[in-house]
Amino acid sequence: MADTAIVDVDGTLVDTNYQHALAWSRAFGRHDVWPPLWRIHRHIGMGGDQLVEAVAGEEVERRHGDALRDAWVEEFDVFLDEVRPLEGATGLLDELGRRGFTIVLASSGKPQHVEHFLDLVGGRSRCAAWTTSEDVQKAKPAPDLLKVAMDKAGGTSGVMVGDSSWDFVSARRAGIPGIGLLTGGFPDADLREAGADHVFDSLPDLIAGLDRTSLRAPR
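A brief report on the enclosed structure follows. (Residues numbered from 1 in each chain as written. Predicted model: local features only at pLDDT ≥ 70, side-chain atom pairs only at ≥ 80, totals over all residues. Heavy atoms only, no water.)

Some remarks on the nonpolar core
This is how the line gets drawn: Residues enter a nonpolar core if they are buried and are Ala, Val, Leu, Ile, Met, Phe, Trp, Tyr or Cys, with the set joined through side-chain atoms within 4.5 Å. Relative accessible area decides the class of each residue, using a 1.4 Å probe on protein chains only: under 20% of the type maximum gives buried, over 50% gives exposed, and in between gives partly exposed. Only DSSP runs of H or I with at least four residues qualify as helices, and only runs of E with at least two residues qualify as strands; both kinds are numbered from the N terminus onward. Contacts: residue pairs with any heavy atoms within 4.5 Å of one another.
Core analysis: the biggest nonpolar cluster contains 70 residues, and Ile6, Phe28, Leu96, Leu105 and Leu215 have the highest contact counts within it. Looking at which element gives the most residues to this core, the answer is helix 4 (residues 58-77), with six residues. When near neighbours in sequence (up to four residues on either side) are disregarded, Ile6 contacts Val104, Ala106, Leu146, Ala149, Met150, Gly158, Val159, Met160, Val161 and Ile176.

With respect to helix 8 (residues 144-153)
To keep it simple, the criterion reads: Here, the arc refers to the directions that run from the helix axis to the C-beta atoms.
Burial in helix 8 covers these residues: Leu145, Leu146, Ala149, Met150 and Ala153. The arc that holds the buried residues of helix 8, viewed along the axis, is 135°, so those residues lie on one side. If you follow the buried residues of helix 8, they end up packed against strand 1 (4-7), strand 2 (102-105), strand 3 (129-130), strand 4 (158-162) and helix 9 (165-173). Positive phi shows up at Gly154, right after helix 8, with a value of about 70°.

Describing the environment of Arg63
Among the secondary structure elements, Arg63 is positioned in helix 4. Taking C-alpha positions, Arg63 is 32 Å from Ala149, a pair spaced 86 residues apart along the chain.

A short note on the packing of aromatic side chains
What counts is decided by this rule: Aromatic rings from Phe, Tyr and Trp, taking only the six-membered ring of Trp, are treated as a pair when their centres fall within 6.5 Å; an angle between ring planes under 30 degrees marks them as stacked, one over 60 as edge-to-face, and anything in between as tilted.
The final tally for this structure, using the stated rule, is four aromatic pairs. Seen in terms of ring centroids, Trp24 and Trp72 are 5.4 Å apart; in terms of plane orientation they differ by 10°. Their pairing is stacked. Taken as a pair, Trp24 in helix 1 (residues 17-29) and Trp72 in helix 4 lie far apart in primary sequence, 48 residues in all. Since its relative accessible area comes to 4%, Trp24 is described here as buried. Of the residues examined, Trp72 reaches a relative accessible area of 10% and is grouped as buried. Relative to Phe76, the ring of Trp72 lies with its centre 6.0 Å away and its plane at 20°, an arrangement referred to as stacked. Within this pair, Trp72 and its partner Phe76 are both found in helix 4, separated by four residues, close to a single helical turn. Site record: aromatic cluster; members linked through ring pairs are Trp24, Phe28, Trp72, Phe76 and Phe117.

The following block contains the structure:
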């Protein structure tokens, strides 16, 4: 039986995926690289350490990778005050806590962004721990971030809650079951193919359906 709920942040608790896609598009544009927005969106949830090459190729990563990541931070900062928590974000954390799960937020975001999102969802008082990009050398879809999250939570068995395909590729590589949400704009079929055992339309739907998932019972 699981004792730890590993919850993604961007696109799962806070509504940021499309802002991230636009920020990456503007960052690429600074270097006259113009991948289509749909392709960028398909890779949101993948760590920036891997996204540049995945979206635009090895040559762009070699020539501009670090500069693109710095530009993305600057471009995303413009949107930060517009970010809102998704409906049900605090409700999910409260319900998971009520059921007895240790909650850890698994984010590969920049520390200053994660700190801001923690304030939006009351994460400091509701979660035992959280991660940022500084905790790992390789972010999702590598399993490292989830392993660090479990270590920080002190858990023995976890369940991943996320919104992107990369959450569940990472979870599968870490041997962790997953619960998907459509809140990040990834289709149901993509989430299931990546490894999600269940997919819900929204956080309120997940809260109502927790008893059908591996987060159905307390420790």
